[in-house]
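Structural description and commentary
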Amino acid sequence: MLKEKLRSQILGGSLQDFKTHLSGLYKGFYITMDAAQAQYIIKISVNPADAADMAALNSFLSNHQLNEKKLLTAVTGSHSIILTIKVPSLAKNIPNTVNGIVEPIIDYLISHTFSSGCSECGTDMEQINCYEINGSHYFLCDGCKNKIQSSLQANQQEIQSKKSSLVAGLVGAFLGSLIGCILWVLIYHLGYIAGVAGAVTAICAMKGYAILGGHLDKKGVIGSVIIMLIMIFFANKISWSWDAYSALEEYGWTFTEVYQDLGYILEETDLVASYYGELAIGYILTIVCSARSIINAFHESTGSYSIKKVN
Ligand SMILES: [Zn+2]
């Protein structure tokens, strides 16, 4: 995840690099570090000697956050501290930033007799392993890992048993996608091909499907994507017709005539290739901008999950 030179400077080089994350034991505390969209998510497993120590820890963290600009959030879970850190723009500043935020917390934990173990139940009596669950990393005991696994399984069964109503869902997807298409036409009118509007089309289509169809299942995601692709075709055609209409209006053309005869107009003006070229670029930009939302929606719709031990 990080260059070896940087890794070795973070928390005395105690965290091991597993390509997708760092994790290890630092001064007796289990720590994981994930990277996500210009942020680091650092989790420290903590077990207070006394339950009241958690409240004191929380107020220490709020104060700490006020002093550290790069510390975006600092919250506690049942037996963990979860820190969100803004990744510094210069890579060489990463160790100082992370150490500057994490070291004082570790010092606090040590001086207030916290120990470290499972990030769910806090136990340090059992074997603790690091697990990757849906892409994030956690130190857990066997019991808690099994509990999380069965709740993910139950959740998957529940999601898969929910069925949507296809026709109502597709109507919802159509209505939702209109929002993105209007945006597409407006942005095009300003002179840009709008991949962002394509992504809005995808997201609104899926939202619309979920609202009217009752639930966004696998066929809902596929249906929404197909509707998005069709709607973008029309959005692009309307955008071009608008341009052509601006030029032909003075010769007595109506917008409807321009729209219907667009194919002929494009041929006469030698613009067929540019028309389909722009449509292709529009599709590519849309896919680039919306791929993540579509893939996430697809995973959610199937309730799929992954849990594996980090070795
Ligand atoms: Zn546990």
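Residues numbered from 1 in each chain as written. Predicted model: local features only at pLDDT ≥ 70, side-chain atom pairs only at ≥ 80, totals over all residues. Heavy atoms only, no water.

1. Topic: the domain arrangement of the protein
The following threshold applies: Domain start and stop points were drawn from an automatic or database domain assignment.
Annotation of the protein at the domain level lists domain 1 (4-154) and domain 2 (166-305). If you average the C-alpha positions of domain 1 and of domain 2, the two centres end up 43 Å apart.

2. What about the environment of Gly100?
Quick reminder of the rule: Working definition: helices are DSSP H or I runs of at least four residues, strands are E runs of at least two. Numbering for both runs from the N terminus. Throughout, exposure labels follow a simple rule: accessible area from a 1.4 Å probe, protein chains only, divided by the maximum for the residue type, with under 20% read as buried, over 50% as exposed, and the rest as partly exposed.
Position of Gly100 relative to the elements: it lies in helix 3 (residues 94-111). Taking the relative accessible area as the measure of exposure, Gly100 reaches 28% and is therefore partly exposed. Sequence separation between Gly100 and Glu68 is 32 residues; the distance between their C-alpha atoms is 8.3 Å.

3. What about the coordination of the zinc ion?
The test is simple: In this analysis a donor is any N, O or S atom within 2.8 Å of a metal ion (3.2 Å for sodium, potassium and calcium), and since water is not included, sites may seem incomplete.
Surrounding the zinc ion are the protein donor atoms Cys118 (SG), Cys121 (SG), Cys141 (SG) and Cys144 (SG), which sit 2.2 to 2.3 Å from the metal. In the primary structure, the donors to the zinc ion are separated according to the pattern C-x2-C-x19-C-x2-C. With Cys118 in the loop between helix 3 and strand 7 (128-133) and Cys144 in helix 4 (residues 142-161), the pair connects residues that are 26 residues apart, well separated along the chain.

4. Describing the nonpolar core
Our working definition: Definition of nonpolar core: a set of buried residues of the types Ala, Val, Leu, Ile, Met, Phe, Trp, Tyr and Cys, connected through side-chain atoms within 4.5 Å. We call two residues in contact whenever any of their non-hydrogen atoms come within 4.5 Å of each other.
Within the largest apolar cluster, 31 residues are counted, with the highest numbers of intra-cluster contacts made by Ile44, Leu83 and Leu109. Contributions of two or more residues to this core are made by strand 2 (21-26), strand 3 (29-36), strand 4 (39-45), helix 2 (52-67), strand 5 (71-76), strand 6 (80-86) and helix 3. Per element, the largest residue contribution to this core is 8 residues, and it comes from helix 3. Not counting residues within four places of it along the chain, the set of residues in contact with Leu109 comprises Phe29, Ile44, Val46, Leu57, Ile81 and Phe114.

5. A few points about the packing of aromatic side chains
Note the following rule: The rule is short: rings of Phe, Tyr and Trp, with Trp giving its six-membered ring, pair when the centres are within 6.5 Å, and they are stacked under 30 degrees, edge-to-face over 60, tilted in between. The rule for a charge over a ring is simple: NZ of Lys or CZ of Arg within 6 Å of the ring centre, and within 35 degrees of the ring normal.
A complete count under the given rule lists 6 aromatic pairs for this structure. Pairing Tyr30 with Phe139 gives two aromatic rings, centres 4.7 Å apart and planes at 40 degrees, and the pair type is tilted. With Tyr30 in strand 3 and Phe139 in strand 8 (residues 136-141), this residue pair connects regions lying 109 residues apart in the sequence. Phe139 matches Tyr30 in its accessibility class, with the two residues each being buried. Ring centres of Tyr275 and Tyr276 lie 5.0 Å apart, and the angle between their planes is 90 degrees; on these two criteria the pair is classed as edge-to-face. Overall, Tyr275 belongs to the buried group, its relative accessible area being 3%. The rings of Trp240, Tyr275 and Tyr276 are connected pair by pair, giving a single aromatic cluster. A cation over an aromatic ring shows up here: Lys43 above the ring of Tyr138, its NZ or CZ 4.4 Å from the ring centre. Directly above the ring of Tyr259 sits Lys237, whose terminal nitrogen or CZ lies 4.4 Å from the centroid.

6. What about the environment of Gly169?
With respect to the secondary-structure elements, Gly169 resides in helix 5 (residues 166-189). Discounting residues that sit within four places of it in the chain, Gly169 has contacts with Gly208, Tyr209, Leu212 and Gly213.

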